[in-house]
Every structure is written in structure tokens, then in C-alpha cells.
Amino acid sequence: VEYLYLLATLLFVYGISGLTRVRTARRGNRIAGVGMLIAVVAVLLEAGAISWWVAVLGMAIGSVIGYVLAVRVPLTAMPEMVALLNGLGGAASTFVALAYIIVNGMHLGEGQALMDIEGLAQSITLPTTILIGTVTLTGSVVAYYKLAGRKLLHPLKGASRHYTNAAIGILIIVLSLWLVLWSSGALSLTTSSLLLALASGVLGVFLVLPIGGADMPVVVALLNSYSGIAAAASGFIINNPMLVVAGSLVGASGLILTNIMCKAMNRSLGNVLLGGIGDDAAAADAREYKHIKETTPEEVAMLFDGATSVIMVPGYGLAVAQAQHTLRELGELLEARGATVRYAIHPVAGRMPGHMNVLLAEADVSYDKLFEMDKINGDFKNTDVVVVVGANDVVNPAAREDPSSPIAGMPILDVDHAQTVVVIKRSLSPGYAGIRNPLFDKENCLMCFLDAKEALQGMVTEVKALG
Ligand code: TAP
């Protein structure tokens, strides 16, 4: 069993290292999956208590649900799915702690010495697991609804929000002490641990509810990290090194991801957790624009005719329109006509990390044509035509020019430095952050008001017609 744990751990680490490159990501994912299967088998061998049939039935049900979700859920809804999976991870850890308490009792509550090391370890890990596991569960459910675009009321504003959270925090400490020091007997143990879970669940809701919709992907990454910490803590409870390792890997990688996203938006984690971007920002109004110049796929094809360098900038709208294959086709046509075509990737374009890389990889765009923001930003000024496909916030120059903008300081792709920028989107409606985009009013910007797929298909036809 110990060798199997070691093998599973190595496969996790190897699998995760594969995720650092698009080329090896799928394989990495599969390898980590095999590691997880080995870990489950090892736990069953070690525990021996559950009947194999129950375990196999559980795995079969889980696999069918996982398969159906993976096939059915569109890529645009993947962040919601990740949020739910995190929540379930947190719930699983809470159940481990609850089951342990109800079956084994609490050492300290049963009158054992405070300095008994096992009792002390339990006294810390059990309430911690319930707290983090349940905060993860309810926080993830709120994040799920926010990502799905539901407007959720948050009754607590300003200071009252902090006082309420502090009061719940104190209640959680009191309940933890009750559980650890004074609970004995099934009824008292069950009541105190369930009340602790309830208070933690309410805290999870109150912590995530006021955070702005546009910041939800960051919150999901943070909750992902929490679910890992809860799993590691539950590993200490049941003395399972595998859970400790897997939980720590998830906890650490979730924190790294959270940090990467905050940096890409030039925000601190504290600012994300306390701010409300995307919820309260007054939605931009089409009437705020004064110098909009409209264009058509036919006119854009004429622009391409004289262009030697073209940069495509994909955003969330590309994913909505599922136009990645048409974008690749247009790129290839332009290359065949002698232009250099590159794709500029903003780290938070779309709705999840790596969203644009995944989309373009699906359309077989070669990796060496994909350039990260820092690598390509200096080149826009030497570019003839930039085509922004369904991106908005990540090309919003207000981040650079307007210190009062909610996205001030966020690094953006400097598309407005190019000779001509063509923006494909269906209307003048704002992006995820809900704010006006002064790019659309600029002298060198042309707006192509069409669905991305329709616009790109039109451009493909017109470029072919150029001969
Ligand atoms: P957004 O700013 O959300 O803009 C997307 C644009 O796509 C919209 O303005 C929309 O305009 C257009 N669109 C939607 N469907 C379309 C279709 N079928 N055809 C053509 N256009 C379509 O997207 P972005 O520039 O990719 O920025 C991402 C946002 O998410 C940022 O605010 C970022 O901070 C936030 N965020 C992302 C992440 C990650 S990890 N990706 C993390 C945290 C926050 P129309 O409705 O007019 O068509």
C-alpha cells in the first residue's frame, strides 16, 4: 500500500508538471487521473472496511456523472463546473471530519490530557477541516451562481459586512471550543459539529456574496486552493499521507494560480476580496460613444490586401461564437498571401486561465504563433491590422489612461498602437467588467458589429475573392 501511495504521489507531481505546457497538458491530466485511481485502490486495500462492491459502485456512478458533465458542459461554462467541483471537494473533507467525530469522539472532550499529542492534533485539524471544507462548499455554490450571471442580493454593505463576518468568526471559535473541549457522547458531538458546519457555511456565503462578478474566476482559484487545504487537513485526521500530499498540491497550485491572476489584473488579493468589480459598476451605455466608425467584412478584406503584419486578439466572444476554426482559416489565408499572422494572448482573456490557449489549440493553431502579452505588446506599433475578436476589457485603454477607471493599472494589450484596429463584436455593450471602452471611439478603430463567426466567415469569403 505504501508503494502504491508513493507511485500515486509521483504520478500527481509528474502530471501537474505536464500541465505547465499546452503540448503536454492532456497527457499530464491523464497521468494525474491514473495516479488518483491508484490512490483510491490503495486506500481501499488499506481500509479494507468497505465492501469492494460499494466502492466499485461509487466509482462507477462518479465516473458516469463526470463523463456526462465533461461531454455536455460547453467550454464557456467550464469555470462554473470547476467551481462546483471545488465545492464538492470541500464537502467531501467536511464529511470525513464529521464521520470521524461521530464514530471516534473527541479525545479532549472525552477527558484526555490536553497535552496528549494526538488529542491536540485532532483538536486543531477537525474543526479546521469542517471550517475550510464548508466555507469552500457554500462559497463555491455562490461563485457558481455568480459565474452563471445570476444577480444575487447582498444585503450587507460597508462596515456592517465586516462586523457580521467578525461576529460569525467569533461564533465559529466558540463552537470549535465547545466541540473540542466539552463535547462527549453522540448527541453533543453531532450537535456541536453540525452547528460548526452551519456557521462556517454561512461565513462562506457572506465572504463570496459581495465580491464582484468579474472577480469570480480569482475566487474560484482561491476556493480551489481552500479545497486542497481542507483535503490535506482531513488527511491528517484519518492518517492518510496520500490525502495530505494531494491536498497540499492542490492548495499550493491554487494559491499560485490566484497570484498569477491577481498580477494579470494588477490587483492585490485583498482588493479582489473586498472590491465589487462587475457588480456595482454602472453598465456602460452605447450613447457614451461619439465617433464610432462601422465597417464590414468586405472592407476589412481590403485592409488585409495591403497588410504585411496582422495580429489577432481573441477574447471571450470568440469562445461564445465558437469561431476558433474560422479564425485559424482566416489566419492561414492571410499567411498564404504573404502576411505575418500572430495571436496575442492576454492572461485573463475569456473566463478562465488559459481559455484562449485551449480554444486556439482546439483549432490547431500552431503554438509558436501564440504570443503572451509581455512578448507582443511592443510590436503593436509596427502592425498594420489588429483584429480583436470578441475581446473587450483586455484591450481597454482606460486601464492605461484613466486613473479613476475600475480597471486602472490592469495590464492590457496595446492594440490601439497599431495602424488600424478592427473590433468584431455584436454591439457596443460592455465586457465582463461592465465599463465603457474608449478604444471604440479612437481614430484608428473600426467596429464590425456582427457575431464573431459570421464576421470571420465573411472575411474568409472576401479574402478568397481577392484572388
Ligand atoms: P470581455 O471583456 O468579457 O468582453 C467580451 C466581449 O465579447 C463582449 O463585449 C461581447 O460584446 C463580445 N461577444 C460576446 N459574444 C460574442 C459573439 N458571439 N460574437 C462576437 N462578440 C461577442 O472579454 P475579455 O476581453 O476576454 O476579458 C475577460 C474579462 O474577464 C476581463 O474583465 C477579466 O478581468 C475577467 N476575468 C477573467 C479571468 C480569466 S482567468 N480569464 C479571471 C478574472 C477575471 P457583444 O455583446 O457586443 O457582442
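Our structure's up above, just so we're on the same page.
Caption draft 1: Layout of the overall build of the protein. When helices and strands are tallied, the protein shows 17 helices and six strands. On the principal axes, the C-alpha backbone points of the protein span a range of 85 × 50 × 35 Å. Counting all 467 residues of the protein, 47% fall into the buried class. A separation of at least 24 residues holds for 78% of the contacts in the protein among residues at least 6 apart in sequence. For the protein, the exposed surface amounts to about 22,300 Å²; the carbon and sulfur share of it is 65%.

Caption draft 2: Focus on the pattern of salt bridges. Across all of its chains, the model carries eleven salt bridges by this definition. Among the salt bridges present, the one from R328 reaches E332, with a minimum N-O distance of 3.4 Å. Here E332 and R328 lie together in helix α13 (residues 324-336), a separation of four residues that amounts to about one turn. Of the residues examined, E332 reaches a relative accessible area of 40% and is grouped as partly exposed. A salt bridge links E335 to K369; the nearest nitrogen and oxygen atoms lie 3.4 Å apart. Taken together, the positions of E335 in helix α13 and K369 in the loop between α14 (355-362) and β3 (370-372) put the pair 34 residues apart, joining distant regions of the chain. By relative accessible area, K369 is classed as partly exposed at 25%. Residues participating in the shared-partner salt-bridge network are R400, E401, D414, D416 and K442.

Caption draft 3: Representation of the packing of aromatic side chains within the structure. For the structure on display, the rule yields two aromatic pairs. For the ring pair Y144 and Y145, a centre distance of 5.3 Å and an interplane angle of 80° mean the geometry is edge-to-face. Since its relative accessible area comes to 28%, Y144 is described here as partly exposed. Assessed through its relative accessible area of 31%, Y145 is described here as partly exposed. The residue whose ring lies beneath R342 is F371, and the NZ or CZ to ring-centre distance is 5.5 Å. Here R436 stacks its cationic end above the ring of Y289, 5.1 Å away from the centre of that ring.

Caption draft 4: Highlighting unusual backbone geometry. A positive phi angle, close to 50°, is found at Q322, a residue other than glycine. Looking at the element boundaries, Q322 is found in the loop between α12 (316-321) and α13. Overall, the relative accessible area of 33% leaves Q322 in the partly exposed class. Positive phi values are uncommon outside glycine, yet D364 reaches one of about 65°. Position of D364 relative to the elements: it lies in the loop between α14 and β3.

Caption draft 5: Region of the structure containing a nonpolar patch on the surface. A cluster of nonpolar side chains, contributed by V1, L45, W52 and V56, occupies part of the molecular surface with about 360 Å² of accessible area. As for its placement among the helices and strands, V56 is situated in helix α3 (residues 52-72). The class for V56 is partly exposed, based on a relative accessible area of 40%.

Caption draft 6: Broad picture of the site of the ligand. Taken together, 30 residues lie around the ligand, and G350, N392, D393, R426 and S427 are the ones closest in. Within the backbone of Y316, a nitrogen or oxygen atom sits 3.1 Å from an oxygen atom of the ligand. Side-chain polar atom of S429 to an oxygen atom of the ligand: 3.0 Å apart, as the coordinates give it. A total of 930 Å² of accessible area belongs to the ligand in isolation, and the protein chains cover 96% of it. If you map the ligand onto the pockets, it falls in the second largest pocket.

Caption draft 7: Quick peek at the side chain of T125. By the secondary structure assignment, T125 is in helix α5 (residues 117-147). Residue class for T125 comes out buried when judged on its relative accessible area of 15%. If near-sequence neighbours (up to four positions away) are discounted, T125 is found in contact with A233, F236 and I237.

Caption draft 8: A look at the layout of surface pockets. The volume enclosed by the second largest pocket comes to roughly 790 Å³. For the lining of the second largest pocket, the elements supplying multiple residues, two or more each, are α8 (216-237), α12 and β5 (420-425). Per element, the largest residue contribution to the lining of the second largest pocket is four residues, and it comes from α12. Taken together, the residues that form the lining of the second largest pocket break down as 26 nonpolar, eight polar and seven charged.

Caption draft 9: Representation of the environment of A121 within the structure. Residue placement: A121 occurs in helix α5. Classification of A121 by relative accessible area gives partly exposed; the value is 42%. Considered as a pair, A121 and I237 are 116 residues apart in the sequence and their alpha carbons are 8.2 Å apart.

Caption draft 10: Seen up close, the environment of V180. Mapping V180 onto the fold places it in helix α6 (residues 158-182). Measuring from C-alpha to C-alpha, the distance between V180 and P127 comes to 8.0 Å, with 53 residues separating the pair along the chain.

Caption draft 11: Spatial organisation of helix α17 (residues 452-466). An ideal rise of 1.5 Å per residue puts 21 Å on 15 residues; α17 measures up with 21 Å between its terminal C-alpha atoms. Residues A452, A455, L456, G458, M459, V460 and V463 constitute the buried set of α17. Two or three places before K453, at the opening of α17, D451 has a side-chain oxygen 3.0 Å from that residue's backbone nitrogen. Residue G467 follows α17 closely and has a positive phi angle near 85°.

Definitions and limits used
Residues numbered from 1 in each chain as written. Predicted model: local features only at pLDDT ≥ 70, side-chain atom pairs only at ≥ 80, totals over all residues. Heavy atoms only, no water. Helix = DSSP H or I, 4+ residues; strand = E, 2+ residues; numbered from the N terminus. Buried < 20%, exposed > 50% of the residue type's maximum accessible area, 1.4 Å probe, protein only. Contact = heavy atoms within 4.5 Å. Areas by Shrake-Rupley, 256 points an atom, 1.4 Å probe, with all protein chains shown as cover. Salt bridge = Lys/Arg side-chain N within 4 Å of Asp/Glu carboxyl O. Phe/Tyr/Trp six-rings, centres within 6.5 Å; stacked < 30°, edge-to-face > 60°. Lys NZ or Arg CZ within 6 Å of the ring centre and 35° of its normal. Patch = residues over 30% accessible without salt bridge, like charges linked within 9 Å, V, L, I, M, F, W, Y side chains within 5 Å. Near = heavy atom within 4 Å. Polar contact = N/O pair within 3.5 Å; in protein donor to acceptor, adjacent residues only side chain to side chain. 1 Å grid on protein atoms, 1.4 Å probe; cavity = no way out; pocket = protein on both sides within 12 Å on 5 of 7 lines; lining within 4 Å. Sits in = over half its atoms within 2 Å of the grid points. Points joined across faces, edges and corners; volume = space filled by probe spheres on them. Nonpolar A, V, L, I, M, F, W, Y, C, P; charged D, E, K, R; others polar. Expected span 1.5 Å × (residues − 1).

Take it as geometry only, folks, not as evidence of what the structure does.
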